[in-house]
Amino acid sequence: MAAAGAFPSAADHGPAVNPAPSERPEPVDRWMPGTGSGLSDGWGPVVELVLRWAGPGLEALVLSGSHASGEAVWVEHEGRRVSLSDLDLFAVMRDEAAVTRAARARAATPASELAEVAR
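Residues numbered from 1 in each chain as written. Predicted model: local features only at pLDDT ≥ 70, side-chain atom pairs only at ≥ 80, totals over all residues. Heavy atoms only, no water.

Q: I keep staring at the confidence of the model for the chain and nothing clicks. Help me out?
A: Within the chain, residue pLDDT values average 75, and 66% of them lie at 70 or more. Taken element by element, the chain is modelled with least confidence in helix H2 (residues 65–69), mean pLDDT 79, and with most confidence in helix H3 (residues 96–107), mean pLDDT 94. (pLDDT = per-residue confidence, 0-100. Helix = DSSP H or I, 4+ residues; strand = E, 2+ residues; numbered from the N terminus.)

Here it is in structure tokens:
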């Protein structure tokens with residue numbers, strides 16, 4: 001058992017964090033180059049798929065690595081612009097139940113749909 005005053009009060013932890021809104025609109029078209037998030041417009045279908053998998057348990061999507069820093073490597077291949085850099089995109093989920101639901105949704109996605117998104 002701890003002595004009285006051994007633990008800091010809640011006030012010592014800094015400001016409280018408000019829950020994230022269920023909708024996260026951006027003031028501009030985020031898929032247009034140079035606007036919104038740092039994610040290229042070419043990754044739109046991937047993000048849409050991840051958002052569908054995550055569902056309402058999603059708290060945040062975090063982009064890191066070369067795409068986040070603007071240092072990703074892109075090339076033209078067979079008339080298409082493709083990235084040679086991997087996409088470091090992390091889903092922050094509300095709780096374990098949300099993680100389980102997202103994993104089930106991902107597992108239920110047909111391979112043909114994944115192939116289409118990868119094009």
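Q: How do you make sense of the pairing of strand E3 (residues 80–83) when you look at a structure like this?
A: On a regular strand, each side chain points to the face opposite its neighbour's, so the side chains alternate between the two faces of the sheet. Taken together, the four bridges between strand E2 (residues 74–77) and E3 define a ladder with antiparallel strand orientation. Bridge pairing in E3 places His77 opposite Arg80. Here E2 folds back onto E3, and the loop between the two strands holds two residues, one of which, Glu78, carries a positive phi near 50 degrees. (Pairing = 2+ DSSP bridges.)

Q: How do you make sense of the pattern of salt bridges when you look at a structure like this?
A: Note that side chains of opposite charge can pair when their charged atoms are close. For the coordinates displayed, the defined rule picks out two salt bridges. For the salt bridge of Glu113 with Arg52, the shortest nitrogen-to-oxygen distance reads 2.7 Å. Residue Glu113 is found in helix H4 (residues 111–118), and its partner Arg52 is found in helix H1 (residues 44–54); the two are separated by 61 residues along the sequence. (Salt bridge = Lys/Arg side-chain N within 4 Å of Asp/Glu carboxyl O.)

Q: Help me understand the packing of aromatic side chains, please; the structure alone is not making it clear to me.
A: Each pair of aromatic rings is reported with the distance of its centres and the angle of its planes. One pass over the full model with this rule turns up zero aromatic pairs. Directly above the ring of Trp74 sits Arg81, whose terminal nitrogen or CZ lies 4.2 Å from the centroid. (Phe/Tyr/Trp six-rings, centres within 6.5 Å; stacked < 30°, edge-to-face > 60°. Lys NZ or Arg CZ within 6 Å of the ring centre and 35° of its normal.)

Q: Would you mind showing me how to read the environment of Trp53 here?
A: When you line up the elements, Trp53 lands in helix H1. Those residues in contact with Trp53 that lie beyond four places of it in its chain are Arg101, Ala102, Ala105, Arg106, Thr109 and Leu114. (Contact = heavy atoms within 4.5 Å.)

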